[in-house]
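Secondary and tertiary structure notes
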Amino acid sequence: MNFSDSEIVASVMANDDHRLVDQAADADVIFLNTCSIRDHAEQRVLNRLKELQHLRKTRPGLVLGVIGCMAERLKEKLLEHDELGMRVDMVAGPDAYRELPQLLADVEGGRQAMQVILSADETYADITPVRYGGNGVQAFISIMRGCENYCAYCVVPYTRGKERSRDPASILNETRQLIQAGYREVTLLGQNVNSYRYHGENGPVDFTALIGRVAAADAQLRIRFATSHPKDMSDALLRQMAAHPNICKSIHLPLQSGSTAVLQRMNRKYTREDYLDRVRAIREILPGCAISTDLIAGFCGETEEEHQATLEVMKDVGFDFAFMFKYSERPDTLAAKRYKDDVPEEVKTRRLTEIIELQQALSLDSNKRDVGTVQEVLVEGVSKRADSHMMGRTSHNKVVVFPCATSRPGDYVQVRIKECSSATLKGNCIDH
Ligand code: 5AD
Ligand code: SF4
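Residues numbered from 1 in each chain as written. Chains lettered and ligands numbered in written order. Predicted model: local features only at pLDDT ≥ 70, side-chain atom pairs only at ≥ 80, totals over all residues. Heavy atoms only, no water.

Looking now at the overall build of the protein. Scanning the protein for helices and strands turns up 15 helices and 19 strands. Relative to its full complement of 432 residues, the protein shows a buried share of 52%. Here the analysis covers contacts within the protein between residues at least 6 apart in sequence; of these, 72% occur between residues at least 24 apart. Put simply, the protein shows about 19500 Å² of open surface, and 49% of that area lies on carbon and sulfur atoms. One finds the centroid of the 55 positive side-chain charges in the protein at a distance of 3 Å from the centroid of its 61 negative side-chain charges. (Helix = DSSP H or I, 4+ residues; strand = E, 2+ residues; numbered from the N terminus. Buried < 20%, exposed > 50% of the residue type's maximum accessible area, 1.4 Å probe, protein only. Contact = heavy atoms within 4.5 Å. Areas by Shrake-Rupley, 256 points an atom, 1.4 Å probe, with all protein chains shown as cover. Lys, Arg positive; Asp, Glu negative; His and termini not counted. Charge placed at Lys NZ, Arg CZ, Asp CG, Glu CD.)

Structural data, given as C-alpha coordinates:
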(Lines give C-alpha, C1' and ligand atoms only; values in the text may rest on other atoms or scores of the structure.)
(Ligands and ions follow the chains in the order given, each with its own letter.)
Protein backbone atom coordinates (compact mmCIF):
# COMPACT_ATOMS: atom_id res chain seq x y z
CA MET A 1 0.00 0.00 0.00
CA ASN A 2 2.62 2.48 1.07
CA PHE A 3 4.93 1.46 -1.70
CA SER A 4 2.15 2.07 -4.17
CA ASP A 5 1.41 5.49 -2.60
CA SER A 6 5.08 6.43 -2.84
CA GLU A 7 4.94 5.77 -6.59
CA ILE A 8 2.01 8.17 -6.85
CA VAL A 9 3.92 10.78 -4.86
CA ALA A 10 6.94 10.30 -7.15
CA SER A 11 4.66 10.93 -10.11
CA VAL A 12 3.12 14.10 -8.64
CA MET A 13 6.59 15.44 -7.86
CA ALA A 14 8.00 14.48 -11.28
CA ASN A 15 5.22 16.50 -12.90
CA ASP A 16 6.40 19.43 -10.82
CA ASP A 17 9.94 19.11 -12.22
CA HIS A 18 11.47 17.21 -9.34
CA ARG A 19 13.44 14.04 -9.82
CA LEU A 20 14.26 11.08 -7.60
CA VAL A 21 17.74 10.70 -6.11
CA ASP A 22 19.23 7.53 -4.67
CA GLN A 23 20.56 8.91 -1.41
CA ALA A 24 18.83 11.02 1.23
CA ALA A 25 22.05 13.06 1.47
CA ASP A 26 21.58 14.24 -2.15
CA ALA A 27 17.95 15.33 -1.72
CA ASP A 28 16.51 18.84 -1.40
CA VAL A 29 13.18 17.42 -0.26
CA ILE A 30 12.68 14.23 1.76
CA PHE A 31 9.25 12.74 2.33
CA LEU A 32 8.84 9.91 4.79
CA ASN A 33 5.81 7.90 3.77
CA THR A 34 4.52 6.50 7.02
CA CYS A 35 2.48 3.68 8.50
CA SER A 36 0.56 3.85 11.78
CA ILE A 37 -0.62 0.28 11.97
CA ARG A 38 1.47 -0.61 15.02
CA ASP A 39 3.32 1.57 17.51
CA HIS A 40 6.59 -0.01 16.41
CA ALA A 41 6.09 1.34 12.86
CA GLU A 42 5.63 4.86 14.21
CA GLN A 43 8.66 4.62 16.49
CA ARG A 44 10.79 3.67 13.50
CA VAL A 45 9.60 6.74 11.61
CA LEU A 46 10.44 9.00 14.56
CA ASN A 47 13.93 7.47 14.76
CA ARG A 48 14.46 7.95 11.04
CA LEU A 49 13.31 11.56 11.30
CA LYS A 50 15.85 12.15 14.07
CA GLU A 51 18.60 10.55 11.99
CA LEU A 52 17.79 12.77 9.02
CA GLN A 53 18.02 16.05 11.00
CA HIS A 54 21.83 16.16 10.66
CA LEU A 55 21.43 16.64 6.89
CA ARG A 56 20.14 20.14 7.61
CA LYS A 57 23.74 21.17 8.43
CA THR A 58 25.04 20.31 4.97
CA ARG A 59 21.80 21.26 3.16
CA PRO A 60 20.35 24.30 4.88
CA GLY A 61 17.31 24.49 2.57
CA LEU A 62 16.33 20.86 3.15
CA VAL A 63 12.59 20.25 3.42
CA LEU A 64 11.57 17.30 5.57
CA GLY A 65 8.00 16.12 5.23
CA VAL A 66 5.94 13.40 6.89
CA ILE A 67 3.27 11.98 4.61
CA GLY A 68 0.74 9.15 4.82
CA CYS A 69 -1.00 7.57 7.80
CA MET A 70 1.13 8.96 10.59
CA ALA A 71 0.69 12.46 9.16
CA GLU A 72 -3.06 11.89 9.21
CA ARG A 73 -3.07 10.55 12.75
CA LEU A 74 -0.76 13.06 14.43
CA LYS A 75 -1.49 16.11 12.26
CA GLU A 76 -0.13 19.37 13.77
CA LYS A 77 1.59 17.46 16.58
CA LEU A 78 4.24 16.63 13.98
CA LEU A 79 4.89 20.31 13.41
CA GLU A 80 5.37 21.16 17.09
CA HIS A 81 9.15 21.17 17.24
CA ASP A 82 9.43 21.42 20.97
CA GLU A 83 7.10 18.55 21.68
CA LEU A 84 8.67 16.36 19.00
CA GLY A 85 12.24 17.32 19.87
CA MET A 86 13.07 17.94 16.19
CA ARG A 87 11.91 19.87 13.15
CA VAL A 88 9.40 18.69 10.56
CA ASP A 89 8.50 21.17 7.79
CA MET A 90 5.50 19.59 6.16
CA VAL A 91 2.68 17.19 6.97
CA ALA A 92 0.44 15.66 4.29
CA GLY A 93 -2.20 12.94 4.70
CA PRO A 94 -2.92 10.11 2.22
CA ASP A 95 -5.47 12.15 0.24
CA ALA A 96 -3.26 15.24 -0.06
CA TYR A 97 -0.59 14.03 -2.48
CA ARG A 98 -1.78 16.19 -5.36
CA GLU A 99 -1.15 19.22 -3.18
CA LEU A 100 2.45 18.37 -2.35
CA PRO A 101 3.91 20.90 -4.85
CA GLN A 102 1.79 23.68 -3.34
CA LEU A 103 2.69 22.64 0.19
CA LEU A 104 6.35 22.62 -0.83
CA ALA A 105 6.00 26.14 -2.20
CA ASP A 106 4.51 27.22 1.14
CA VAL A 107 7.45 25.74 3.01
CA GLU A 108 9.93 27.37 0.65
CA GLY A 109 8.13 30.62 1.35
CA GLY A 110 9.11 30.18 4.97
CA ARG A 111 5.98 28.59 6.44
CA GLN A 112 5.25 25.18 7.79
CA ALA A 113 2.62 23.44 5.71
CA MET A 114 -0.06 20.91 6.48
CA GLN A 115 -2.92 19.26 4.55
CA VAL A 116 -4.70 16.36 6.23
CA ILE A 117 -8.27 16.59 4.95
CA LEU A 118 -9.53 13.17 3.90
CA SER A 119 -11.49 12.88 0.67
CA ALA A 120 -14.56 10.78 -0.14
CA ASP A 121 -13.57 10.25 -3.76
CA GLU A 122 -9.81 10.69 -4.35
CA THR A 123 -8.41 7.54 -6.01
CA TYR A 124 -5.52 9.14 -7.97
CA ALA A 125 -7.03 7.30 -10.94
CA ASP A 126 -5.50 9.63 -13.53
CA ILE A 127 -2.00 9.61 -12.03
CA THR A 128 0.41 7.16 -13.62
CA PRO A 129 2.68 5.97 -10.82
CA VAL A 130 6.43 6.35 -11.35
CA ARG A 131 7.76 2.83 -10.87
CA TYR A 132 11.01 2.91 -8.94
CA GLY A 133 13.07 0.53 -6.88
CA GLY A 134 11.22 -2.46 -8.37
CA ASN A 135 12.50 -5.33 -10.47
CA GLY A 136 10.67 -4.41 -13.69
CA VAL A 137 8.71 -7.67 -13.44
CA GLN A 138 6.14 -7.06 -10.71
CA ALA A 139 4.08 -3.96 -10.05
CA PHE A 140 1.28 -2.91 -7.71
CA ILE A 141 -1.93 -1.35 -8.94
CA SER A 142 -4.01 0.44 -6.36
CA ILE A 143 -7.69 -0.30 -7.10
CA MET A 144 -9.33 1.24 -4.08
CA ARG A 145 -8.56 3.38 -1.06
CA GLY A 146 -9.75 3.65 2.51
CA CYS A 147 -11.64 1.19 4.67
CA GLU A 148 -14.87 1.30 6.64
CA ASN A 149 -14.71 -2.06 8.37
CA TYR A 150 -13.62 -0.60 11.69
CA CYS A 151 -11.91 -3.68 13.03
CA ALA A 152 -11.57 -2.75 16.69
CA TYR A 153 -7.75 -2.82 16.77
CA CYS A 154 -7.17 -0.97 13.51
CA VAL A 155 -6.25 2.63 12.83
CA VAL A 156 -6.70 2.47 9.04
CA PRO A 157 -10.34 3.70 8.83
CA TYR A 158 -9.20 6.82 10.70
CA THR A 159 -6.02 7.45 8.73
CA ARG A 160 -7.15 6.51 5.23
CA GLY A 161 -10.78 7.47 5.32
CA LYS A 162 -13.82 6.25 3.47
CA GLU A 163 -13.74 3.30 1.13
CA ARG A 164 -13.76 4.26 -2.55
CA SER A 165 -13.14 2.27 -5.71
CA ARG A 166 -11.15 3.43 -8.69
CA ASP A 167 -12.57 3.62 -12.22
CA PRO A 168 -11.97 0.22 -13.89
CA ALA A 169 -11.05 1.89 -17.19
CA SER A 170 -8.08 3.60 -15.52
CA ILE A 171 -7.06 0.31 -13.86
CA LEU A 172 -7.10 -1.44 -17.24
CA ASN A 173 -5.13 1.39 -18.82
CA GLU A 174 -2.49 1.11 -16.16
CA THR A 175 -2.41 -2.67 -16.66
CA ARG A 176 -1.85 -2.26 -20.41
CA GLN A 177 0.90 0.29 -19.87
CA LEU A 178 2.65 -2.12 -17.53
CA ILE A 179 2.35 -4.96 -20.03
CA GLN A 180 3.88 -2.74 -22.71
CA ALA A 181 6.72 -1.82 -20.39
CA GLY A 182 7.50 -5.54 -19.97
CA TYR A 183 5.91 -6.23 -16.58
CA ARG A 184 4.73 -9.81 -16.01
CA GLU A 185 2.86 -9.62 -12.74
CA VAL A 186 0.46 -7.14 -11.16
CA THR A 187 -0.96 -7.14 -7.66
CA LEU A 188 -4.33 -5.44 -7.34
CA LEU A 189 -4.23 -3.62 -4.03
CA GLY A 190 -6.80 -2.40 -1.57
CA GLN A 191 -7.61 -2.72 2.12
CA ASN A 192 -10.51 -5.00 1.28
CA VAL A 193 -10.48 -5.78 -2.44
CA ASN A 194 -13.52 -8.07 -2.22
CA SER A 195 -15.74 -5.07 -1.63
CA TYR A 196 -14.44 -3.24 -4.72
CA ARG A 197 -17.46 -1.81 -6.53
CA TYR A 198 -17.44 0.93 -9.14
CA HIS A 199 -20.68 2.47 -10.32
CA GLY A 200 -20.05 3.43 -13.92
CA GLU A 201 -22.31 4.43 -16.83
CA ASN A 202 -22.73 0.77 -17.83
CA GLY A 203 -23.73 -0.43 -14.38
CA PRO A 204 -21.68 -1.57 -11.38
CA VAL A 205 -18.38 -3.44 -11.71
CA ASP A 206 -17.45 -5.66 -8.75
CA PHE A 207 -14.10 -7.26 -7.95
CA THR A 208 -14.94 -10.53 -9.67
CA ALA A 209 -15.68 -8.67 -12.91
CA LEU A 210 -12.65 -6.41 -12.53
CA ILE A 211 -10.15 -9.21 -12.00
CA GLY A 212 -11.64 -11.06 -14.98
CA ARG A 213 -11.01 -8.03 -17.19
CA VAL A 214 -7.47 -7.54 -15.91
CA ALA A 215 -6.71 -11.26 -16.40
CA ALA A 216 -8.07 -11.11 -19.96
CA ALA A 217 -5.66 -8.28 -20.85
CA ASP A 218 -2.78 -10.71 -21.38
CA ALA A 219 -2.56 -14.43 -20.65
CA GLN A 220 1.16 -14.01 -19.92
CA LEU A 221 0.46 -11.52 -17.13
CA ARG A 222 0.13 -12.95 -13.63
CA ILE A 223 -2.47 -11.42 -11.39
CA ARG A 224 -2.41 -11.33 -7.60
CA PHE A 225 -4.55 -9.36 -5.17
CA ALA A 226 -4.50 -8.29 -1.53
CA THR A 227 -6.13 -8.06 0.91
CA SER A 228 -9.33 -10.08 1.15
CA HIS A 229 -11.73 -9.88 4.08
CA PRO A 230 -13.18 -13.32 4.95
CA LYS A 231 -16.69 -11.89 5.29
CA ASP A 232 -16.67 -10.81 1.63
CA MET A 233 -14.81 -13.70 -0.01
CA SER A 234 -17.36 -14.96 -2.53
CA ASP A 235 -17.61 -18.26 -4.39
CA ALA A 236 -18.02 -16.20 -7.57
CA LEU A 237 -14.52 -14.77 -7.11
CA LEU A 238 -13.11 -18.26 -6.47
CA ARG A 239 -14.73 -19.50 -9.67
CA GLN A 240 -13.30 -16.53 -11.57
CA MET A 241 -9.85 -17.48 -10.25
CA ALA A 242 -10.41 -21.07 -11.38
CA ALA A 243 -11.38 -19.86 -14.86
CA HIS A 244 -8.16 -17.87 -15.40
CA PRO A 245 -4.86 -19.78 -15.22
CA ASN A 246 -3.00 -16.46 -14.97
CA ILE A 247 -4.74 -15.47 -11.71
CA CYS A 248 -2.30 -16.82 -9.15
CA LYS A 249 -3.61 -19.58 -6.94
CA SER A 250 -2.75 -17.90 -3.70
CA ILE A 251 -5.16 -16.12 -1.38
CA HIS A 252 -4.26 -13.87 1.51
CA LEU A 253 -7.14 -14.23 3.96
CA PRO A 254 -6.43 -12.61 7.33
CA LEU A 255 -7.81 -14.72 10.19
CA GLN A 256 -6.53 -12.50 13.07
CA SER A 257 -7.83 -14.95 15.71
CA GLY A 258 -9.24 -18.47 15.75
CA SER A 259 -11.64 -17.70 18.59
CA THR A 260 -15.15 -16.53 17.75
CA ALA A 261 -15.33 -14.54 20.98
CA VAL A 262 -12.10 -12.69 20.14
CA LEU A 263 -13.26 -12.13 16.55
CA GLN A 264 -16.42 -10.58 17.95
CA ARG A 265 -14.44 -8.24 20.21
CA MET A 266 -12.27 -7.42 17.20
CA ASN A 267 -15.44 -6.52 15.24
CA ARG A 268 -14.37 -8.82 12.41
CA LYS A 269 -17.96 -9.82 11.53
CA TYR A 270 -17.27 -13.55 11.01
CA THR A 271 -16.99 -16.56 13.30
CA ARG A 272 -14.39 -19.29 13.37
CA GLU A 273 -16.91 -21.49 11.49
CA ASP A 274 -17.52 -18.81 8.85
CA TYR A 275 -13.77 -18.63 8.25
CA LEU A 276 -13.43 -22.39 8.00
CA ASP A 277 -16.37 -22.43 5.58
CA ARG A 278 -14.48 -20.01 3.28
CA VAL A 279 -11.41 -22.26 3.49
CA ARG A 280 -13.61 -25.22 2.56
CA ALA A 281 -14.90 -23.28 -0.47
CA ILE A 282 -11.34 -22.42 -1.53
CA ARG A 283 -10.26 -26.06 -1.23
CA GLU A 284 -13.31 -27.21 -3.21
CA ILE A 285 -13.20 -24.66 -6.03
CA LEU A 286 -9.42 -24.17 -6.18
CA PRO A 287 -7.76 -27.42 -5.09
CA GLY A 288 -4.14 -26.81 -4.07
CA CYS A 289 -4.59 -23.04 -3.73
CA ALA A 290 -2.18 -21.53 -1.20
CA ILE A 291 -3.72 -19.70 1.75
CA SER A 292 -1.80 -17.15 3.78
CA THR A 293 -3.01 -15.10 6.71
CA ASP A 294 -2.46 -12.38 9.33
CA LEU A 295 -2.60 -13.22 13.03
CA ILE A 296 -2.65 -11.04 16.13
CA ALA A 297 -1.40 -12.43 19.46
CA GLY A 298 -2.68 -11.07 22.76
CA PHE A 299 -5.67 -8.97 21.76
CA CYS A 300 -7.62 -7.39 24.66
CA GLY A 301 -8.98 -10.00 27.06
CA GLU A 302 -7.50 -12.95 25.14
CA THR A 303 -7.55 -16.01 27.41
CA GLU A 304 -5.30 -19.03 27.15
CA GLU A 305 -8.19 -21.02 25.59
CA GLU A 306 -8.78 -18.30 23.04
CA HIS A 307 -5.10 -18.34 22.12
CA GLN A 308 -5.27 -22.15 21.81
CA ALA A 309 -8.21 -21.69 19.44
CA THR A 310 -5.95 -19.69 17.12
CA LEU A 311 -3.34 -22.47 17.13
CA GLU A 312 -6.09 -25.01 16.39
CA VAL A 313 -7.42 -23.13 13.38
CA MET A 314 -3.87 -22.65 12.11
CA LYS A 315 -3.42 -26.43 12.19
CA ASP A 316 -6.85 -27.10 10.69
CA VAL A 317 -6.19 -24.82 7.75
CA GLY A 318 -2.48 -25.53 7.43
CA PHE A 319 -1.58 -22.01 6.34
CA ASP A 320 1.21 -21.81 3.80
CA PHE A 321 2.44 -18.49 5.15
CA ALA A 322 1.50 -15.92 7.79
CA PHE A 323 2.26 -12.40 8.97
CA MET A 324 2.16 -12.55 12.75
CA PHE A 325 1.95 -9.64 15.17
CA LYS A 326 1.64 -8.81 18.82
CA TYR A 327 -1.39 -6.68 19.54
CA SER A 328 -0.40 -3.03 19.74
CA GLU A 329 -3.02 -0.63 21.06
CA ARG A 330 -3.66 2.30 18.72
CA PRO A 331 -5.10 5.51 20.14
CA ASP A 332 -8.77 6.30 19.37
CA THR A 333 -9.62 2.89 17.88
CA LEU A 334 -12.70 0.99 19.10
CA ALA A 335 -10.50 -1.37 21.11
CA ALA A 336 -8.68 1.51 22.81
CA LYS A 337 -12.03 2.99 23.81
CA ARG A 338 -13.84 -0.21 24.79
CA TYR A 339 -11.31 -2.67 26.15
CA LYS A 340 -8.25 -2.81 28.34
CA ASP A 341 -4.97 -3.83 26.71
CA ASP A 342 -4.71 -6.35 29.54
CA VAL A 343 -2.62 -9.24 28.20
CA PRO A 344 0.80 -8.79 29.87
CA GLU A 345 3.70 -8.14 27.51
CA GLU A 346 5.48 -11.38 28.40
CA VAL A 347 2.31 -13.38 27.72
CA LYS A 348 1.87 -11.65 24.34
CA THR A 349 5.49 -12.48 23.53
CA ARG A 350 5.09 -16.12 24.52
CA ARG A 351 1.88 -16.52 22.53
CA LEU A 352 3.42 -14.86 19.49
CA THR A 353 6.41 -17.19 19.74
CA GLU A 354 4.09 -20.20 19.84
CA ILE A 355 2.24 -18.91 16.79
CA ILE A 356 5.50 -18.27 14.90
CA GLU A 357 6.92 -21.69 15.75
CA LEU A 358 3.75 -23.44 14.66
CA GLN A 359 3.67 -21.46 11.43
CA GLN A 360 7.28 -22.34 10.68
CA ALA A 361 6.36 -26.01 10.97
CA LEU A 362 3.27 -25.51 8.78
CA SER A 363 5.27 -23.60 6.15
CA LEU A 364 7.86 -26.35 6.13
CA ASP A 365 5.13 -29.01 5.68
CA SER A 366 3.67 -26.98 2.86
CA ASN A 367 7.05 -26.61 1.14
CA LYS A 368 7.88 -30.31 1.60
CA ARG A 369 4.73 -31.18 -0.32
CA ASP A 370 6.23 -29.37 -3.32
CA VAL A 371 9.49 -31.33 -3.32
CA GLY A 372 9.53 -33.56 -6.40
CA THR A 373 6.98 -31.43 -8.29
CA VAL A 374 7.62 -29.18 -11.27
CA GLN A 375 6.60 -25.57 -10.72
CA GLU A 376 6.18 -22.73 -13.17
CA VAL A 377 8.33 -19.92 -11.84
CA LEU A 378 8.27 -16.29 -12.89
CA VAL A 379 11.90 -15.17 -12.69
CA GLU A 380 12.39 -11.97 -10.68
CA GLY A 381 16.16 -11.63 -10.58
CA VAL A 382 19.42 -12.90 -9.18
CA SER A 383 19.20 -14.63 -5.81
CA LYS A 384 20.39 -12.44 -2.93
CA ARG A 385 22.21 -15.33 -1.33
CA ALA A 386 24.09 -16.68 -4.35
CA ASP A 387 24.97 -14.76 -7.51
CA SER A 388 25.05 -17.97 -9.49
CA HIS A 389 21.36 -18.58 -8.74
CA MET A 390 18.19 -16.92 -9.94
CA MET A 391 15.07 -16.42 -7.84
CA GLY A 392 11.41 -16.24 -8.69
CA ARG A 393 8.00 -17.22 -7.40
CA THR A 394 5.46 -19.93 -8.02
CA SER A 395 1.77 -19.24 -8.55
CA HIS A 396 1.46 -20.09 -4.83
CA ASN A 397 3.73 -17.14 -4.07
CA LYS A 398 6.57 -19.33 -2.84
CA VAL A 399 10.13 -18.18 -3.40
CA VAL A 400 12.18 -20.58 -5.55
CA VAL A 401 15.96 -20.41 -5.93
CA PHE A 402 17.61 -22.26 -8.81
CA PRO A 403 20.82 -22.21 -10.84
CA CYS A 404 20.05 -21.11 -14.38
CA ALA A 405 22.49 -18.92 -16.25
CA THR A 406 20.24 -18.40 -19.26
CA SER A 407 17.01 -17.24 -17.65
CA ARG A 408 16.25 -13.53 -17.36
CA PRO A 409 13.90 -11.55 -15.12
CA GLY A 410 10.41 -11.82 -16.59
CA ASP A 411 10.91 -15.33 -18.03
CA TYR A 412 8.64 -18.19 -17.06
CA VAL A 413 10.69 -21.28 -16.35
CA GLN A 414 9.82 -24.80 -15.24
CA VAL A 415 11.68 -25.77 -12.10
CA ARG A 416 11.82 -29.22 -10.54
CA ILE A 417 11.84 -28.75 -6.76
CA LYS A 418 14.63 -30.72 -5.10
CA GLU A 419 14.73 -29.44 -1.54
CA CYS A 420 13.26 -26.80 0.75
CA SER A 421 13.45 -24.88 3.99
CA SER A 422 10.40 -23.34 5.69
CA ALA A 423 10.98 -20.14 3.68
CA THR A 424 12.36 -21.25 0.29
CA LEU A 425 12.16 -23.93 -2.36
CA LYS A 426 15.30 -24.97 -4.25
CA GLY A 427 15.36 -26.75 -7.55
CA ASN A 428 16.67 -27.12 -11.07
CA CYS A 429 15.44 -25.48 -14.20
CA ILE A 430 14.25 -28.09 -16.68
CA ASP A 431 13.61 -26.15 -19.87
CA HIS A 432 16.82 -24.19 -20.35
N1 5AD B 1 -1.88 -4.46 16.48
C2 5AD B 1 -1.31 -5.54 15.90
N3 5AD B 1 -1.51 -5.89 14.62
C4 5AD B 1 -2.33 -5.11 13.89
N5 5AD B 1 -2.75 -5.19 12.61
C6 5AD B 1 -3.56 -4.16 12.34
N7 5AD B 1 -3.71 -3.40 13.43
C8 5AD B 1 -2.95 -3.97 14.42
C9 5AD B 1 -2.71 -3.65 15.78
N10 5AD B 1 -3.26 -2.59 16.36
C11 5AD B 1 -2.36 -6.29 11.72
C12 5AD B 1 -3.55 -7.11 11.27
C13 5AD B 1 -3.74 -6.67 9.85
C14 5AD B 1 -2.31 -6.38 9.43
C15 5AD B 1 -2.16 -5.52 8.22
O16 5AD B 1 -1.76 -5.73 10.56
O17 5AD B 1 -3.21 -8.48 11.35
O18 5AD B 1 -4.34 -7.67 9.04
FE1 SF4 C 1 -8.04 -2.43 9.28
FE2 SF4 C 1 -10.04 -4.20 9.31
FE3 SF4 C 1 -9.94 -2.31 7.41
FE4 SF4 C 1 -8.16 -4.33 7.37
S5 SF4 C 1 -10.40 -4.53 7.11
S6 SF4 C 1 -7.73 -2.12 7.09
S7 SF4 C 1 -7.83 -4.68 9.56
S8 SF4 C 1 -10.24 -1.95 9.59
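Okay, back to it.
Taken together, Cys147, Asn149, Tyr150, Cys151, Tyr153, Cys154, Val156, Pro157, Gln191, His229 and Arg268 make up the full set of residues near ligand 2. The residue inventory of the shell around ligand 2, partitioned by class, reads seven nonpolar, three polar and one charged. (Near = heavy atom within 4 Å. Nonpolar A, V, L, I, M, F, W, Y, C, P; charged D, E, K, R; others polar.)

To continue, consider the packing of helix 10 (residues 235–243) against helix 12 (residues 272–285). Taken N-terminus to C-terminus, the directions of helix 10 and helix 12 make an angle of 25°; their axes are 10 Å apart at the nearest point. As the angle between them shows, helix 10 and helix 12 are arranged roughly parallel. For the pair helix 10 and helix 12, the crossing hand works out as right-handed. Counting all contacts with helix 10, which are made through Asp235, Leu238, Arg239 and Ala242, the residues of helix 12 involved are Arg278, Ala281, Ile282 and Ile285. Among the residues making up the contact of helix 10 with helix 12, the classes are represented as five nonpolar, no polar and three charged. (Axes fitted to C-alpha atoms, helices over the stretch in contact; angles between N-to-C directions. Parallel < 35°, antiparallel > 145°, perpendicular 65-115°, else oblique. Left-handed = near helix turned anticlockwise from the far one by under 90°.)

In the region of ligand 1, the neighbouring residues are Ile37, Arg38, Tyr153, Gln256, Asp294, Ile296, Phe325, Lys326, Tyr327, Ser328 and Arg330. Gln256 places a polar side-chain atom, nitrogen or oxygen, 2.6 Å from an oxygen atom of ligand 1. Here ligand 1 loses 86% of its free accessible area of 400 Å² to cover by the protein chains. Of all elements in the fold, only strand 13 (290–297) and strand 14 (321–326) reach the threshold of two or more residues within the shell around ligand 1. Within the shell around ligand 1, the residues separate by chemical class into five nonpolar, two polar and four charged. (Polar contact = N/O pair within 3.5 Å; in protein donor to acceptor, adjacent residues only side chain to side chain.)

It is worth spelling out the domain arrangement of the protein at this point. The accessible area lost on association of the parts is a frequent measure of interface size. On domain assignment, one finds that the protein holds domain 1 (2–115), domain 2 (138–368) and domain 3 (374–431). If you average the C-alpha positions of domain 1 and of domain 2, the two centres end up 29 Å apart. At the interface, 17 residues of domain 1 touch 16 residues of domain 2. Looking only at domain 1, the three residues that lose the most surface to domain 2 are Ile37, Arg38 and Arg73, adding up to 34% of its buried area. At the surface where domain 1 touches domain 2, the tally comes to six salt bridges. Here domain 1 and domain 2 share seven residue pairs in polar contact (both at pLDDT 80 or more) between them. Mapped onto the side of domain 1 that touches domain 2, the elements with two or more residues apiece are helix 1 (2–14), helix 2 (39–52) and helix 4 (69–74). The class makeup of the residues in the side of domain 1 that touches domain 2 is six nonpolar, three polar and eight charged. (Domains from an automatic or database assignment. Buried area = accessible area lost by both parts, 1.4 Å probe. Salt bridge = Lys/Arg side-chain N within 4 Å of Asp/Glu carboxyl O.)

Quick look at the pattern of salt bridges now. Side-chain pairs of opposite charge can arise where the charged atoms are in close proximity. With the rule as written, the count across this model stands at 34 salt bridges. Arg73 is the partner of Glu42 in a salt bridge, and the nearest nitrogen-oxygen pair spans 2.7 Å. Pair noted here: Glu42 is in helix 2 and Arg73 is in helix 4, with a separation of 31 residues, a long-range link. Residue Arg73 is classed as partly exposed on the basis of its relative accessible area of 23%. Look at the salt bridges and you will find they share partners, linking Asp5, Asp95, Arg145, Arg160 and Arg164 into a network.

Glancing now at the sheet that holds strand 11 (residues 222–226). Strand order in the open sheet formed by three strands is 5-8-11, and the pairing between neighbours is parallel. In this open sheet, the two edge strands, each paired with only one partner strand, are strand 5 (138–142) and strand 11. The average angle at which neighbouring strand axes cross in this sheet is 25°, direction not considered. Sheet topology note: the strand 5/strand 8 (residues 185–189) ladder contains five bridges and is parallel. Bridge pairing in strand 8 links Gln138 to Glu185. (Pairing = 2+ DSSP bridges.)

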